[in-house]
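# Remarks on the overall topology
Read off the chains here:
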Amino acid sequence: MIIMPTLHCKPGMKLGRSVYSEQRQVLARRGFVLSEGIIRRFHEMGFPFLHVEEEGTEDITPEQAIRDETLIVLHSAIALVMEEASAPGRESLSFETVRFCHDAAAMLVNDLRSRKDPVCLPIHLTTMMQDGGRRQFAEHALNVAVCSTRTAIEAGLPGEELIALAMGAMLHDIGRLRTREGQEGPAALGEDDGAHAEAGYLLLRDSGFPLLAAHCALFHHERMDGSGYPFGVGGARIHEMVQWVGIVDAFDTLVHGRIDGRPMLPHEAIEVLYAGAGTLYDFDKIKRLRDRFALFPVGTVVRLNTGEIGVVSRLHEDNKQRPVVRVFSHADGSRVAKPFELDLKRHLHLMIGSLDGGKAPDPSPACGGAGLKTANVEQQPEKTAAGARREPVTVGPQWRRYWGKDWFQFV
Ligand SMILES: [Fe+2]
Ligand SMILES: [Fe+2]
């Protein structure tokens, strides 16, 4: 299975995961065969990526940072908070909503605790919200919550504090719904002023959220050298975990192009953060972000600097930024006769050039040969356009474990 940009999906491809509406209804179940009209409709509805089945990638299981159940509950909690927070004259959130947020955060913590491997930066989390501004807000909230919480788990933050941090990370920008700037539309998400930090803090505090959660809203734009806002406090006065929320917030903003509309590649965003390491951000935290998190999750379709297109098939424990890529398309868009793997850790002249599957392979053998069928193929290493050695692909049976369980029964 691969994670394909929606617009690059081809008619005839099968969904690898079900697609849900904002009302939690199944729009299309796993196995649904895409048509041109459906692809266009999903794109218009704001689904940037789709999980699609691809022959020859059965052994590749894109890992989600959290379960679909948890994603839907978190999504509901955010939607509920957004509705109440933006209601005119409302001073605080209802007890039921706070409780729901707590339970959703507890689910998130449980999910992330059960993962042994580092969390993938969840650039593929989408929220089914059809309004662009609300969707952008909710996706940002989810991304920051998942990454910050995972980091806090690794740092050993105990029980209830962890849940408080998860809630605070999820609602760190909730103040935007209380300020004039925040209500003017999605573009305001990249505009920075202190008003939303203070408004968010007051809302969370007055609603009965733990103080750590409220501090996430208040301090997430503060920086180590005191150049942040709203107060310009620096260094040790920013809670260790809230510093993480600030870093992940900045990263997610860069990766999704929320400032100038130009989305950066994850490693480009890391470079930008590195430029501020030691001044704006704690140096060790930026280094940890780079070393521990997988910037290119397994299943992501990527284009190499050679123009070849493939899918991230494996991550290296000691170098997650240079994964193994299974190439299925030449630079000119034609299919390779048999997919081969390139280990970017070994071939340092290769790098991921973009996250696009622009010229996706047609799975039909009629369109260029043997498709991606590579099971048990003994393939001689051969040279690629870049001069790197191709490695034979062996598809194992492990993917069946994934399909053996239907995650969507609960709907
Ligand atoms: Fe913010
Ligand atoms: Fe933010």
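Computed from a prediction, not measured in an experiment: that's the story for all the values here.

## Examining the environment of proline 5
Here proline 5 is to be found in strand 1 (residues 2–5). A count of 18 C-beta atoms within 10 Å places proline 5 in the partly exposed class. Sequence separation of proline 5 and histidine 43 is 38 residues, and the distance between their C-alpha atoms is 9.1 Å.

## Quick notes on helix 7 (residues 211–219)
Side chains that are three or four residues apart share a direction in an α-helix, a result of its 3.6 residues per turn. Counting buried positions over the 9 residues of helix 7 gives 8, a clear majority of the element. Every buried residue belonging to helix 7 is among Leu212, Ala213, Ala214, His215, Cys216, Ala217, Leu218 and Phe219, and all of these are buried.

## Let's talk about the sheet that holds strand 2 (residues 14–15)
One open sheet holds the 3 strands; their spatial order is 1-5-2, and the pairing between them is antiparallel. Only two strands of the sheet have a single partner each, and these edge strands are strand 1 and strand 2. With 2 bridges connecting them, strand 2 and strand 5 (residues 49–53) associate as antiparallel partners. Across the sheet, the residue bridging to leucine 15 is valine 52, located in strand 5.

## Brief notes about the nonpolar core
Across soluble globular proteins, nonpolar side chains show a tendency to be buried alongside one another. The biggest cluster of nonpolar side chains holds 108 residues, and the ones touching the most others in it are Leu108, Ala166, Met167 and Met170. Per-element accounting of this core gives the leading share, 10 residues, to helix 8 (residues 240–255). Of the domains in this structure, domain 1 (2–62 + 298–403) and domain 2 (68–292) are the two that each give at least three residues to this core. Among residues more than four places away in sequence, those in contact with alanine 166 are Ala105, Leu108, Val109, Ala145 and Thr149.

## Some remarks on the packing of helix 8 against helix 10 (residues 283–292)
For any two helices packed against each other, one specifies the crossing angle of their axes together with the interaxial distance. For the pair helix 8 and helix 10, interaxial distance at closest approach is 11 Å and the crossing angle is 55°. Classed by the angle they form, the pair helix 8 and helix 10 counts as oblique. The interaxial crossing formed by helix 8 with helix 10 has right-handed handedness. Here Gln243, Trp244 and Ile247 of helix 8 lie close against helix 10, whose contacting residues are Lys285, Ile286 and Leu289. Grouping the constituent residues of the contact of helix 8 with helix 10 by class yields 4 nonpolar, 1 polar and 1 charged.

Analysis parameters
The residue numbers shown here count from 1 along each chain, following its written sequence. Here chains are named by letter from A upward and ligands by number from 1 upward, in the order in which they appear as written. Only residues with pLDDT of at least 70 get local features here, since the model is predicted, and only at 80 or more are side-chain atom pairs given and counted; chain-wide, interface and lining totals rely on the full set of residues. Counting from the N terminus, the helices are DSSP H or I runs at least four residues long and the strands are E runs at least two residues long. Exposure in this text rests on C-beta crowding, where 20 or more other C-beta atoms within 10 Å of a residue's own make it buried, 12 or fewer make it exposed, and counts in between make it partly exposed. The C-beta atoms are placed from the backbone. Here a strand pair is declared whenever DSSP counts at least two bridges between the two strands. Here, a nonpolar core means buried Ala, Val, Leu, Ile, Met, Phe, Trp, Tyr and Cys residues linked by C-beta atoms lying within 7 Å of one another. In this entry, domain limits derive from an automatic or database-based domain assignment. With C-beta atoms placed from the backbone, a contact is any residue pair whose C-beta atoms sit within 7 Å. Axis definition: a line fit to C-alpha positions, over the contact stretch in the case of helices; interaxial angles, taken between N-to-C directions, run 0 to 180 degrees. Roughly parallel refers to an angle under 35 degrees, roughly antiparallel to one over 145, roughly perpendicular to one between 65 and 115, and oblique to any angle outside these ranges. We call a crossing left-handed when the near helix sits turned anticlockwise from the far one by less than a right angle, and right-handed when that turn is clockwise. When residue character is reported, Ala, Val, Leu, Ile, Met, Phe, Trp, Tyr, Cys and Pro are called nonpolar, Asp, Glu, Lys and Arg charged, and the others, Gly included, polar.

Distances and angles like these do not, on their own, reveal function.
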